[in-house]
Amino acid sequence: MAYSDKVIQHTENPKNVGTLDKEDPNVGTGLVGAPACGDVMRLQIKVGDGGVIEDAKFKTFGCGSAIASSSLATEWLRGKTLDQAEAIKNSDIVEELDLPPVKIHCSVLAEDAIKSAIADYRQKQGKKQADNKA
Amino acid sequence: MTSLKFPIFMDYHSTTPVDRRVLDEMIPYFTEKFGNAASRNHAFGWSAEEAVDQARERVAKLIGAQSEKEIVFTSGASESNNLALKGVAEFYKEKGNHIITTVIEHKAVLDTCKRLESEGFEVTYLPIEADGRVSVEKVANAITDKTILVSVMLANNEIGTVQPLAEIGKITRERGVLLHTDAVQGVGKTAFDVQAMNVDLASITAHKMYGPKGVGALYVRRQKPRVRIAAQMDGGGHERGMRSGTLNVPGIVGFGKACEIMTNEGVEEAKKLLALRERLRTRLMSELDEVHVNGSMEHRLAGNLNVSFAFVEGEAMMMAIKDVAVSSGSACTSASLEPSYVLRALGVGDELAHSSIRFGLGRFTTEAEVDYVAELVIRKVRHLRDMSPLYEMHKEGIDLTKVEWAHH
């Protein structure tokens, strides 16, 4: 259960903890995991006019690695386009945080949270207008 | 105020430091008094044997045994539990093949039972009630004419609940069934007397009571009834044939001293620990909401506090208070990635099991440490709740049990 320095840094000083207005059409929310499994991540993105993520926030119930994975994800999301954001892989998070095998599921959860937040945003936008990409 | 030393140890159920007085008695038996207690024909052997005999008497006295001959020294509680269960099962297999135990026993009992099941024995694993204690009635009802042994722990290592052993002992004695108890966590810390409780076999270990690691004992009753066990270790026939192997004389000497200290100071120590434990508990519960105590408050070891801080994951909590050594029932802290089987058996939901923290207070815990830990925990729980989506949802009035979670 020895943690990497990066995991410790993120858990002691997590980046972008908070809540965005989930009713805002420009905000996408992803809520993944389950309390009974010991981890729940909520990741939110706010997308600007150019399709660029201008803000990202998280709240996580989970171990240090889960908190660090979501904190890192929010850092990476800021300034990215949705397509770039979608390309983030859990293996990137594993590598950056030096997660041991037993903690890989935390990074998978973070990837799921990113995809879920993007999907939520797109669904909201789809309700307003045809998807830009379609 | 006394100055604090870090890290602070609040994990006294896992092990304890050796008391200085214990160590002082042990030291000569490593060097000048190094004899083999089985050497019957020279002074080195005699002084070792004498020391072992004194230790045997001290252990016997602590648990209320009638004779020091009822004490069999072992390498520790896992061995004692194995020897008790396998030894009784093997010796009494013609009489019956049924064993009764509880679902919250230590793995040294549960896995031994699993092994015996694979060898044709039948084991009943009794559930525990919401307060963490086994129902005496359920024990009575589980006994059949095939039952040879009931094994119920004195106190639980996670939630500290003390089992109704005296009542169980009454029943097992009436029904002619042997009673074994894994007394490791409770001996010296809560009332325990093999005579008064009709206990026939009891496992104890030195390192949970300020003695050294690697030494323990099995109490085996010699009278009313005379209990027989089949040895599980073959060799020189030490310990009246029940456990071969050269005796760990320095360890046994330390164990004896640790028992003597417990006999003299255990009751006072428990009072002190209860006051400290309650100081910690009341601080935590008065300043934080949604703090749940796991297990009975009434029938509980004085030094144990097992609580769940809802909406905060246990491992994250341990990391946040890394200057304080505690333990958690969270899956993330176990090799199996399953939350504590004891908390599950208690009926605590998995989410609260993941949020549990076990504080274990002991002989060297100070009031200053308790105050520091209470303040730190309160601060860190608030911090972690600020980043918990569950706490936010709870505050918004969302019933978390009604949310459709994506289980993974």
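Quick caveat, the model's predicted, so the values are computed rather than measured. (Residues numbered from 1 in each chain as written. Chains lettered and ligands numbered in written order. Predicted model: local features only at pLDDT ≥ 70, side-chain atom pairs only at ≥ 80, totals over all residues. Heavy atoms only, no water.)

## Some words on the nonpolar core
The tendency in soluble globular proteins is for nonpolar side chains to be buried as a group. Residue and element names in this part refer to chain B. Rule in force here: Remark: nonpolar core denotes a set of buried residues (Ala, Val, Leu, Ile, Met, Phe, Trp, Tyr, Cys) joined through side-chain atoms within 4.5 Å. Summary of the burial criterion: residues with accessible area below 20% of their type's maximum are buried, those above 50% are exposed, and those between are partly exposed, where the area comes from a 1.4 Å probe applied to protein chains only. Where helices and strands are cited, they refer to DSSP runs of H or I of at least four residues and of E of at least two residues respectively, numbered from the N terminus. Contacts were defined at the residue level, with two residues in contact if any of their heavy atoms lie within 4.5 Å.
Membership of the largest hydrophobic core comes to 57 residues, with the highest contact counts inside it found for Ile-63, Phe-73, Phe-192 and Phe-255. Secondary structure elements with two or more residues in this core: α1 (20-26), α2 (43-63), β2 (71-74), α5 (136-142), α6 (165-175), β7 (201-205), β8 (216-220) and α7 (249-287). In contact with Ile-63, not counting residues within four places along its chain, are Ile-71, Val-187, Phe-192, Asp-193, Val-194, Ile-204 and Tyr-219. Among the nonpolar cores identified, the runner-up in size contains 34 residues, and Met-318, Ile-321, Leu-376 and Val-381 belong to it.

## Some words on the packing of helix α2 (residues 64-77) of chain A against helix α4 (residues 90-97) of chain A
What describes two packed helices is the angle between their axes and the distance between those same axes. Residue and element names in this part refer to chain A. Spelled out, the test is: Angles run from 0 to 180 degrees between N-to-C directions of axes, and those axes are lines fitted to C-alpha atoms, restricted for helices to the stretch in contact. Angles below 35 degrees are treated as roughly parallel, those above 145 as roughly antiparallel, those between 65 and 115 as roughly perpendicular, and all remaining angles as oblique. Polar here means any residue outside two lists: the nonpolar Ala, Val, Leu, Ile, Met, Phe, Trp, Tyr, Cys and Pro, and the charged Asp, Glu, Lys and Arg; Gly therefore counts as polar.
Between α2 and α4, the shortest axis-to-axis distance is 10 Å and the interhelical angle comes to 110°. Accordingly, the angle class assigned to the pair α2 and α4 is roughly perpendicular. Taken together, the residues of α4 that come into contact with α2 (itself represented by Ala-68, Ser-69, Leu-72 and Trp-76) are Asp-92, Ile-93, Glu-96 and Leu-97. Among the residues forming the contact of α2 with α4, the class breakdown is five nonpolar, one polar and two charged.

## Some thoughts on the sheet that holds strand β1 (residues 27-34) of chain A
All names here are of chain A. Let me state the cut-off plainly: Think of it this way: DSSP has to see at least two bridges between two strands before they count as a pair.
Spatially, β1-β2-β3 is the arrangement adopted by the three strands of the open sheet, whose pairing is antiparallel. Strand pairing shows two members of the sheet lacking a second neighbour, β1 and β3 (53-61), which therefore form its edges. Looking at each pair of strands side by side, their axes are set apart by 10° on average, direction ignored. Pairing between strand β2 (residues 39-47) and β3: eight bridges, direction antiparallel. Following the sheet pairing, Ile-45 is matched in β3 by Ala-56. α2 rests against β2 and β3 of the sheet, and its axis sits at about 175° to β3. Contacts between helix α5 (residues 104-128) and the sheet are confined to β1 and β2, with β1 contributing the most and set at about 145° to the helix.

## Considering the interface of chain B and chain A
By a frequent convention, interface size equals the accessible area lost on bringing the separate parts together. As a reminder of what qualifies: For any pair of parts, buried area is found by adding up, for both, the accessible area (1.4 Å probe) each one loses once the two are put together. Definition used for salt bridges: Asp or Glu carboxyl oxygen within 4 Å of a side-chain nitrogen of Lys or Arg. For this analysis, a polar contact is any N or O atom pair within 3.5 Å, provided that within protein one partner can donate a hydrogen and the other can accept it, and provided that sequence-adjacent residues contribute only side-chain to side-chain pairs.
Each partner contributes to the interface: chain B provides 27 residues, whereas chain A provides 29 residues. When chain B packs against chain A, close to 2,500 Å² is buried across both sides, 68% of that on carbon and sulfur atoms. At the junction of chain B and chain A, the tally comes to four salt bridges. Residue Glu-392 of chain B is joined to Lys-59 of chain A by a salt bridge in which the shortest nitrogen-to-oxygen separation is 2.8 Å. For the pair chain B and chain A, the interface holds eleven residue pairs in polar contact (both at pLDDT 80 or more). Of all the secondary structure elements, the ones that give two or more residues to the side of chain B that touches chain A are α8 (314-320), α10 (350-354), α11 (367-386) and α12 (389-395) of chain B.

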